[in-house]
Number of protein chains: 2
Amino acid sequence: MPITYSQAGVDIDRGDALVERIKKLARPTRIPEVVADVGGFAGLCALPSGLVDPILVSGTDGVGTKLKVAFAANVHDTVGQDLVAMCVNDVITVGARPLFFLDYFATGTLELDVGEAVVRGIAEGCKLAGCALLGGETAELPGMYAAGEYDLAGFAVGVVERAKMLDGTKARAGDVVLGVASSGLHSNGYSLARKVLFERMGLGIHDEVPGLGRTAAEALLVPTRIYARAVRELLAAVPAAVRGLSHITGGGLPGNLPRVLPEGLGARLDLSVYERPAIFRVIAEQGPVEEAEMRRTFNLGVGLVVVVAPEAEAAALDALRGAGEQAFRLGEVVEVGADVPFEDRVRFDR
Amino acid sequence: MPITYSQAGVDIDRGDALVERIKKLARPTRIPEVVADVGGFAGLCALPSGLVDPILVSGTDGVGTKLKVAFAANVHDTVGQDLVAMCVNDVITVGARPLFFLDYFATGTLELDVGEAVVRGIAEGCKLAGCALLGGETAELPGMYAAGEYDLAGFAVGVVERAKMLDGTKARAGDVVLGVASSGLHSNGYSLARKVLFERMGLGIHDEVPGLGRTAAEALLVPTRIYARAVRELLAAVPAAVRGLSHITGGGLPGNLPRVLPEGLGARLDLSVYERPAIFRVIAEQGPVEEAEMRRTFNLGVGLVVVVAPEAEAAALDALRGAGEQAFRLGEVVEVGADVPFEDRVRFDR
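Predicted model only: the values in this text are computed from it and were never measured. (Residues numbered from 1 in each chain as written. Chains lettered and ligands numbered in written order. Predicted model: local features only at pLDDT ≥ 70, side-chain atom pairs only at ≥ 80, totals over all residues. Heavy atoms only, no water.)

S.K.: Looking at this structure, I do not really get the overall build of chain A. What am I missing?
M.R.: From N to C terminus, chain A includes eleven helices and 13 strands. Its C-alpha atoms give chain A a radius of gyration of 21 Å, within 12% of the compact-globule value 20 Å for 350 residues. Dimensions along the principal axes, computed over C-alpha positions, put chain A at roughly 75 × 55 × 35 Å. Scored against the burial criterion, the 350 residues of chain A give a buried share of 62%. The long-range fraction of contacts in chain A, counting pairs at least 24 apart against all pairs at least 6 apart in sequence, stands at 84%. Each charge class in chain A was averaged separately, 34 positive and 45 negative side chains, and the resulting centres sit 3 Å apart. (Helix = DSSP H or I, 4+ residues; strand = E, 2+ residues; numbered from the N terminus. Rg over C-alpha atoms; globule rule 2.2 N^0.38 Å. Buried < 20%, exposed > 50% of the residue type's maximum accessible area, 1.4 Å probe, protein only. Contact = heavy atoms within 4.5 Å. Lys, Arg positive; Asp, Glu negative; His and termini not counted. Charge placed at Lys NZ, Arg CZ, Asp CG, Glu CD.)

S.K.: Honestly, the UniProt feature "domain: PurM-like N-terminal" (unreviewed entry) in chain A in this entry has me stumped. Any pointers?
M.R.: Per the UniProt record, the feature "domain: PurM-like N-terminal" (unreviewed entry) sits at residues 56-160 of chain A. The annotated region residues 56-160 of chain A carries 37% helix and 36% strand content, and the separation between its end C-alpha atoms amounts to 7 Å. (UniProt positions renumbered as here; feature names shortened; annotations may be inferred.)

S.K.: For this particular structure, what's the right way to read the sheet that holds strand E11 (residues 302-308) of chain A?
M.R.: Backbone hydrogen bonds hold the strands of a sheet together, and the pairing may be parallel or antiparallel. Residue and element names in this part refer to chain A. An order of E9-E11-E6-E12-E10-E13 is seen for the six strands of this open sheet, with the pairing classed as mixed. What marks the edges here is a single partner per strand, and that holds for strand E9 (242-247) and strand E13 (346-348). Along the sheet, successive strands turn relative to each other by an average axial angle of 25°, direction set aside. Pairing between strand E6 (residues 176-181) and strand E12 (residues 327-335): five bridges, direction antiparallel. Its bridge partner lying in E12, Val 176 is registered against Glu 332. (Pairing = 2+ DSSP bridges. Axes fitted to C-alpha atoms, helices over the stretch in contact; angles between N-to-C directions.)

S.K.: Any chance you could explain the relation of the copies chain B and chain A here in plain terms?
M.R.: One copy of the chain maps onto the other through a rotation about an axis followed by a shift along the same axis. Its rotation angle being 180°, the transformation that places chain B on chain A also includes 0.0 Å of axial translation and leaves an RMSD of 0.0 Å. One copy is carried onto the other by what is essentially a two-fold rotation axis. The share of interface residues of chain B whose copies in chain A are also at the interface is 99%, consistent with both copies meeting through the same surface. (Least-squares fit on C-alpha atoms with pLDDT ≥ 70 in both.)

S.K.: What exactly am I supposed to notice about the domain arrangement of chain A here?
M.R.: By a widely used convention, the size of an interface equals the accessible area lost when the partners come together. All names here are of chain A. Each domain of chain A was delimited in the assignment, giving domain 1 (5-164) and domain 2 (175-348). Placing the centre of domain 1 and that of domain 2 at their C-alpha centroids yields a distance of 25 Å. The interface of domain 1 with domain 2 comprises 25 residues on the first partner and 25 residues on the second. Here domain 1 and domain 2 share an interface that buries about 2100 Å² over both sides, 67% of which is from carbon and sulfur atoms. (Domains from an automatic or database assignment. Buried area = accessible area lost by both parts, 1.4 Å probe.)

S.K.: Teacher, can you tell me more about the pattern of salt bridges here?
M.R.: Any two side chains of opposite charge can pair, on the condition that their charged atoms come close. Considering all chains together, one arrives at 41 salt bridges over all chains under this definition. For B:Asp82, the salt bridge is made with B:Lys66, and the minimal N-O distance between the two is 2.9 Å. Linking B:Asp82 in helix H3 (residues 79-91) with B:Lys66 in helix H2 (residues 66-73), this pair joins segments that are 16 residues apart in sequence. Judged by relative accessible area, B:Lys66 falls into the buried class, the value being 0%. One salt bridge in this structure joins B:Arg225 and B:Glu325, with 2.7 Å as the shortest N-O distance. Highlighted residues: B:Arg225 in the loop between helix H6 (216-220) and helix H7 (228-237) and B:Glu325 in the loop between helix H11 (313-322) and strand E12 (327-335), separated in sequence by 100 residues. Since its relative accessible area comes to 31%, B:Arg225 is described here as partly exposed. Using a relative accessible area of 7% as the deciding quantity, one classes B:Glu325 as buried. Each of the salt bridges in this network shares a partner with another, and the network as a whole consists of A:Arg21, A:Asp113 and A:Glu116. (Salt bridge = Lys/Arg side-chain N within 4 Å of Asp/Glu carboxyl O.)

S.K.: Just to check I follow, could you spell out the sheet that holds E12(B) for this structure?
M.R.: All names here are of chain B. Across the sheet, six strands lie side by side as E9-E11-E6-E12-E10-E13; this open sheet has mixed pairing. The open sheet terminates on both sides in strands that have one partner only, identified here as strand E9 (242-247) and strand E13 (346-348). Neighbour-to-neighbour, the strand axes of the sheet open up by a mean angle of 25°, direction not taken into account. Bridge count between strand E10 (residues 265-269) and E13: three bridges; the pairing is parallel. Residue pairing across strands places Ala 267 opposite Val 346, the latter belonging to E13.

S.K.: Would you take a moment to explain the interface of chain B and chain A for this structure?
M.R.: Contacts between chain B and chain A engage 80 residues on the former and 79 residues on the latter. Taken together, the two surfaces of chain B and chain A that pack against each other cover about 6200 Å², and 67% of this comes from carbon and sulfur. Considering only the side of chain B, the residues that lose the most area to chain A are B:Ile3, B:Phe41 and B:Met144, jointly responsible for 15% of the buried surface there. In this structure, the connection of chain B to chain A is made through 13 residue pairs in polar contact (both at pLDDT 80 or more). With nine residues, the top contributor of residues to the side of chain B that touches chain A is strand E2 (residues 54-62) of chain B. Along the lines of polarity and charge, the residues of the side of chain B that touches chain A split into 44 nonpolar, 22 polar and 14 charged. Summarising the sheet, strand E2 (residues 54-62) of chain A and strand E1 (residues 43-46) of chain B pair through four bridges and their orientation is antiparallel. By the bridge assignment, A:Ile55 is partnered in E1(B) with B:Ala46. (Polar contact = N/O pair within 3.5 Å; in protein donor to acceptor, adjacent residues only side chain to side chain. Nonpolar A, V, L, I, M, F, W, Y, C, P; charged D, E, K, R; others polar.)

S.K.: Help me out: how do you make sense of unusual backbone geometry in this one?
M.R.: Across the chain, the bulk of peptide bonds are trans and the bulk of non-glycine residues have phi less than zero. Residues and elements named next belong to chain A. A cis amide bond links Gly 287 to the next residue, Pro 288, at an omega of -15°. Here Pro 288 lies in the loop between helix H9 (278-286) and helix H10 (291-297). Positive phi outside glycine occurs at Asn 74, with the angle close to 55°. Within the fold, Asn 74 resides in the loop between helix H2 (66-73) and helix H3 (79-91). Under the relative-accessibility criterion, Asn 74 is labelled exposed at 56%. Phi at Leu 300 takes a positive value of approximately 55°, unusual for a residue other than glycine. With respect to the helices, strands and loops of the structure, Leu 300 is situated in the loop between H10 and E11. Owing to a relative accessible area of 1%, Leu 300 belongs among the buried residues under this scheme.

S.K.: Which parts of the structure should I look at to understand the UniProt feature "domain: PurM-like C-terminal" (unreviewed entry) in chain A?
M.R.: Here, the residues flagged by UniProt with the feature "domain: PurM-like C-terminal" (unreviewed entry) are residues 172-337 of chain A. With 34% helix and 22% strand, residues 172-337 of chain A has its two end C-alpha atoms placed 13 Å apart.

S.K.: What is the right way to look at the packing of aromatic side chains in this model?
M.R.: Each aromatic ring pair is characterised by the separation of its centres together with the angle its planes make. Scanning the model with the defined rule gives ten aromatic pairs over all chains in all. Between A:Tyr274 and A:Phe328, the aromatic rings sit 4.7 Å apart at their centres with planes inclined by 10°, giving stacked as the arrangement. Of this pair, A:Tyr274 sits in the loop between strand E10 (265-269) and H9 while A:Phe328 is found in strand E12, placing the two residues 54 residues apart along the sequence. A:Phe328 shares its class with A:Tyr274; the two are buried. Plain terms: the ring middles of B:Phe71 and B:Tyr150 are 4.8 Å apart, the flat faces sit at 75° to each other, and that makes the pair edge-to-face. Taken together, the positions of B:Phe71 in helix H2 and B:Tyr150 in strand E5 (residues 150-161) put the pair 79 residues apart, joining distant regions of the chain. Of the two residues examined, B:Phe71 and B:Tyr150, each falls in the buried class. Through a chain of ring-to-ring contacts, three or more aromatic side chains come together here, namely A:Phe71, A:Phe105 and A:Tyr150. We note A:Arg259 situated over the ring of B:Phe41; from NZ or CZ to the ring centre the distance is 4.0 Å. Positioned over the ring face of B:Phe348 is B:Arg295, at 4.2 Å from the centre of the ring. (Phe/Tyr/Trp six-rings, centres within 6.5 Å; stacked < 30°, edge-to-face > 60°. Lys NZ or Arg CZ within 6 Å of the ring centre and 35° of its normal.)

As structure tokens, then:
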């Protein structure tokens, strides 16, 4: 008997059916710059008008083993927002406006409803970020993923006027370091968090986490906040005063804040000024995980750090809060000497 | 005992070591537009000068189960070129010049040498495409990939002047359809190809394929050709005469050529004008796989289709051949009527 591509495990029709559903989800994310439906091979997007020397800003990321929690809980409509957040929150750190996003969704055997739920989350994330879901790839890879599992990769492109680019050179000693609250773990440290909750504590995915009033699934699947709108409003309110923006991901505050500080500068932070989300306390106590390891693994409740000129502190906090974020003064930029290792440039008073 | 992130299966230092190797590989791909090493979170690239109304063109893709062949053969330095090719060959179909590329590399436990080999292939692909390897993500996802396996996603961005965009509306009846030779399977149809070679024929990965004079690994891992340079030279030679460009991927000629033809138009092709690569004959005979299924699954030796005005046929062929490609006249654009289903718009004389 002659064999066909479909018998080899790839169903092109099912892929086409998902594409139709994705089109419906992507349509509301369109921004005026999108060149609609021209060509079939690539996504097309013009630049916002009025830019003198536009710099394209791109970021790519995945969701990591947070996906494993989504699989276990059979909840697939939140990780898409995480995916967009991880990419877009990188792009905005140079002061860029996100323009468009593309996703890569790979699975062993395509389940239409799962694929649609994932892309629904991606489209939601794009709306929150103000960028268009411009394209994507759905890959059916028989035998490469376990049943019910998938991987996700995201790509975001934004644009910034070259003269307004936050290039990591602007911060000075005495600048104020503001923290913008995270919604929880965001998308980092899940291998450790899962080990503590599911192995050390022996919780099931739908068990309530003692002291949290939420199940493990609920606590671990809170979507990553997207700071695009907050940063836009911040830059509109105090454009010249913003000296640096750091997206707090793997590596935590010590691993990410120095990336936007010039050589020889560090920061002194006081983590007692805000309430650390309870999930981090649970992980630290039940692991146990030492505070230094917590700090270099998790965001600990701070998803974005804003470095501003001291005179703009109040206006910056107002702008961030006006955009719906919780924001607080974490500390200040200090001289640390050029010979201090990267990971020691952030010091903690508490 | 307190536990650490590393004990949970994620080794940040190993990831950092790979990043250092990647930086060395990426450096030679830089183009003048890249804004070097500014910011740490995102890749930055200016636009080429002189564009009046630049349109950004983006494409994302993976390599599919061609990866499975790379795993079995333990050859990891060719799939990177496939990844770049799959994305860049989409981007150039609208007449765009590729600017930059980002990759997502996900694996269970990071093996430095494997990761480096993969990225070496990606960097090679970027050089062939004339675009910069601007960034990427290396994800270590314990438990999500089998030992020695990984997945890859790529993302390319190019730019085209809006007035010069190939938007799928330009072709007319009587236009000439040119084929540009593929190097073999490229990156499509591997689930079927593997089924035939490894299951039906019972070949081992390093066994010689009867009649090919090459092993299965060699025949299946030929890298996908990258047509960026050929298209650049084509557009320089006969800019106004190019009416459409189609990247022949999954779906073959019937699934891809109509994507760049206006409604009501199709094509008449004669596949006997060029020598079909022997690997396709082996798959068809040994599957067996019927010719119609071959045509809608594989590129059958044609990786790119160029639609040109009839008077430009010779000059277009010269330009493509001058860029190092094999190119031939496949047929012509014909009226098919508006009610003809998509997949029947391409007809085959032979």
